[in-house]
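# Survey of secondary and tertiary structure
In case you want the letters, here they are:
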Amino acid sequence: MNAIRGLTGTPVLVPLRHVLGTSAMRVTHAPLLLVDLHTQDGVTGHAYLFAYLPGAMPALRAMLAEVAAAVIGQDCAPLALAGLLARRFRLLGNQGLARMAAAALDVAAWDVLARQAGLPLARLLGAAPRPIEPVAHHDFAGCARVAAAAQAPVQIGENFSYVPDMARAIAAGACDLVMPDLERIGGVSGWMQAAGLAAAHGLPMSSHLFPEVSAHLLCATPTAHWLEWVDWAVPLLADPPRVVAGCLTPSEAPGNGLGWNAEAVAAVRMAG
């Protein structure tokens, strides 16, 4: 047993190298919560969460503290932890901060397992590292009408809330391609379930955000398609990934590719 002895979050506000325009706003800075999962064996797993707005950070940190209180002393076993948190926070449903904090814990827990095994996450998941909406996102019937009428393939999925939501979209014929978000699909555990679902339906599957970890997961995804690249965490990493000839190859070092550059983190750390 490798018991969890701590779960901490460090809030940072990272200036974007390239300003991001979305349907909702113009993003110039990324408010990230850097998550560290500390275990009894001395292995630390890493993850991070995108808080969307700096004002959401205190609430996200508070929820992470709630998650920490629930898991300290528990074995660092991702699927068991996911079940524990699902029971602990079931009254909050599948949306919101509880889901985000649970996903970060899951990503960090898988990082611990990979580091203990001395393997990159992709190999731990059974794969070798290799190069790799015009309607409301929840309106699957509307998405299906668009998909049926469109000549080009339609891709949705960044807002799938856990795997059952993705299953409903597929059942409705809402898309030809899927792109789950690691934070919203349920971390590594949720992603692997989603990858199985996509494979069962023959749907190409791409990633949304979190490219450092998503690159590993796509290597273990039977219908892997595209890796979405955002570089907002890159300045904070001790060993940042590099895009070469249009491809990103996951690190062969143990873990999921995340590890903090303490000096860079200190330079952008948020107060509080």
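Whatever comes next refers back to the structure up there.
Residues numbered from 1 in each chain as written. Predicted model: local features only at pLDDT ≥ 70, side-chain atom pairs only at ≥ 80, totals over all residues. Heavy atoms only, no water.

### Observations regarding the packing of helix 3 (residues 96–117) against helix 8 (residues 187–200)
Two measures define how a pair of helices packs: the angle their axes make with one another and the distance between the axes. Packing of helix 3 against helix 8 leaves a shortest axis separation of 6 Å and a crossing angle of 90°. Relative to helix 8, the element helix 3 lies roughly perpendicular. Along its contact with helix 3, which presents Ala 103, Asp 106, Val 107 and Trp 110, the element helix 8 presents Gly 187, Val 188 and Ser 189. Looking at the contact of helix 3 with helix 8, its residues break down into 4 nonpolar, 2 polar and 1 charged. (Axes fitted to C-alpha atoms, helices over the stretch in contact; angles between N-to-C directions. Helix = DSSP H or I, 4+ residues; strand = E, 2+ residues; numbered from the N terminus. Parallel < 35°, antiparallel > 145°, perpendicular 65-115°, else oblique. Contact = heavy atoms within 4.5 Å. Nonpolar A, V, L, I, M, F, W, Y, C, P; charged D, E, K, R; others polar.)

### Some words on the side chain of Asn 256
Along the chain, Asn 256 falls in the loop between strand 7 (247–248) and helix 10 (262–268). In terms of polar contacts, Asn 256 uses its side chain to reach the backbone carbonyl oxygen of His 46, at 2.9 Å. Reaching out from Asn 256, the side chain makes a polar contact with the backbone nitrogen of Leu 258 at a distance of 2.9 Å. (Polar contact = N/O pair within 3.5 Å; in protein donor to acceptor, adjacent residues only side chain to side chain.)

### Concerning the pattern of salt bridges
Following the criterion strictly, the structure yields 4 salt bridges and no others. Here Arg 123 and Glu 252 are joined by a salt bridge, their closest N and O atoms 3.4 Å apart. In this structure Arg 123 comes out as partly exposed when scored by relative accessible area, which is 39%. Assessed through its relative accessible area of 47%, Glu 252 is described here as partly exposed. In this structure, Arg 168 and Asp 165 form a salt bridge, with 3.3 Å as the shortest nitrogen-oxygen distance. One end of the pair is Arg 168 and the other is Asp 165, both in helix 6 (residues 162–171) and 3 residues apart, which spans about a single turn. (Salt bridge = Lys/Arg side-chain N within 4 Å of Asp/Glu carboxyl O. Buried < 20%, exposed > 50% of the residue type's maximum accessible area, 1.4 Å probe, protein only.)

### Some details on the packing of aromatic side chains
The tally for this structure, following the rule as stated, stands at 3 aromatic pairs. Judged by centre distance (5.2 Å) and plane angle (45°), the ring pair of Tyr 48 and Phe 210 falls under tilted. Neither Tyr 48 nor Phe 210 differs from the other in exposure class; each is buried. Members of the aromatic cluster, each reached through a chain of ring pairs, are Phe 50, Tyr 52 and Trp 232. (Phe/Tyr/Trp six-rings, centres within 6.5 Å; stacked < 30°, edge-to-face > 60°.)

### A word on helix 3
In this model, helix 3 (22 residues) spans 32 Å end to end at C-alpha, consistent with the 32 Å of a helix rising 1.5 Å per residue. Of all 22 residues in helix 3, 16 are buried, a share of seventy percent or more. Just downstream of helix 3, Gly 118 is the residue with a positive phi angle, here 70°. (Expected span 1.5 Å × (residues − 1).)

### Topic: unusual backbone geometry
In this structure, Tyr 162 is a non-glycine residue whose phi angle is positive, near 70°. Its location among the elements puts Tyr 162 in helix 6.

### With respect to the nonpolar core
Of all hydrophobic cores here, the largest spans 91 residues; its most connected members are Leu 32 and Trp 232. In terms of residue count, helix 3 provides more of this core than any other element does, 12 residues in total. (Core = buried A, V, L, I, M, F, W, Y, C linked by side-chain atoms within 4.5 Å.)

### Thoughts on the environment of Ala 70
Structurally, Ala 70 can be placed in helix 1 (residues 57–71). The buried category is assigned to Ala 70, whose relative accessible area is 17%. Along the primary structure Ala 70 and Leu 84 are separated by 14 residues, whereas in three dimensions their C-alpha atoms are 8.2 Å apart. Once residues within four sequence positions are removed from consideration, Ala 70 is found in contact with Leu 84, Leu 85 and Arg 88.

### Looking at the packing of helix 1 against helix 3
In the contact formed by helix 1 and helix 3, the axes pass within 9 Å of each other and the chain directions differ by 55°. Our classification of the angle between helix 1 and helix 3 gives oblique. In the packing of helix 1 onto helix 3, the handedness of the crossing is right-handed. Residue-level inspection shows Ala 59, Leu 60, Met 63, Leu 64, Val 67 and Val 71 of helix 1 in contact with helix 3, the latter providing Leu 97, Ala 98, Met 100, Ala 101 and Leu 105. (Left-handed = near helix turned anticlockwise from the far one by under 90°.)

### Side note on the environment of Asp 165
Residue classification places Asp 165 among the buried residues on the basis of a relative accessible area of 14%. The spatial distance from the C-alpha of Asp 165 to the C-alpha of His 138 is 8.8 Å, given a sequence separation of 27 residues. Excluding residues that lie within four positions of it along the chain, Asp 165 makes contacts with Phe 140, Asn 159 and Phe 160.

### Considerations on the pairing of strand 3 (residues 44–50)
Where burial is concerned, most of strand 3 is hidden: 6 out of the 7 residues are buried. Here strand 2 (residues 26–39) pairs with strand 3 via 7 bridges, running antiparallel. Looking at strand 3, one finds that Leu 37 is bridged to Gly 45. Between strand 2 and strand 3, which pair antiparallel in sequence order, lie 4 residues; one of them, Gly 42, sits at a positive phi of approximately 90°. (Pairing = 2+ DSSP bridges.)

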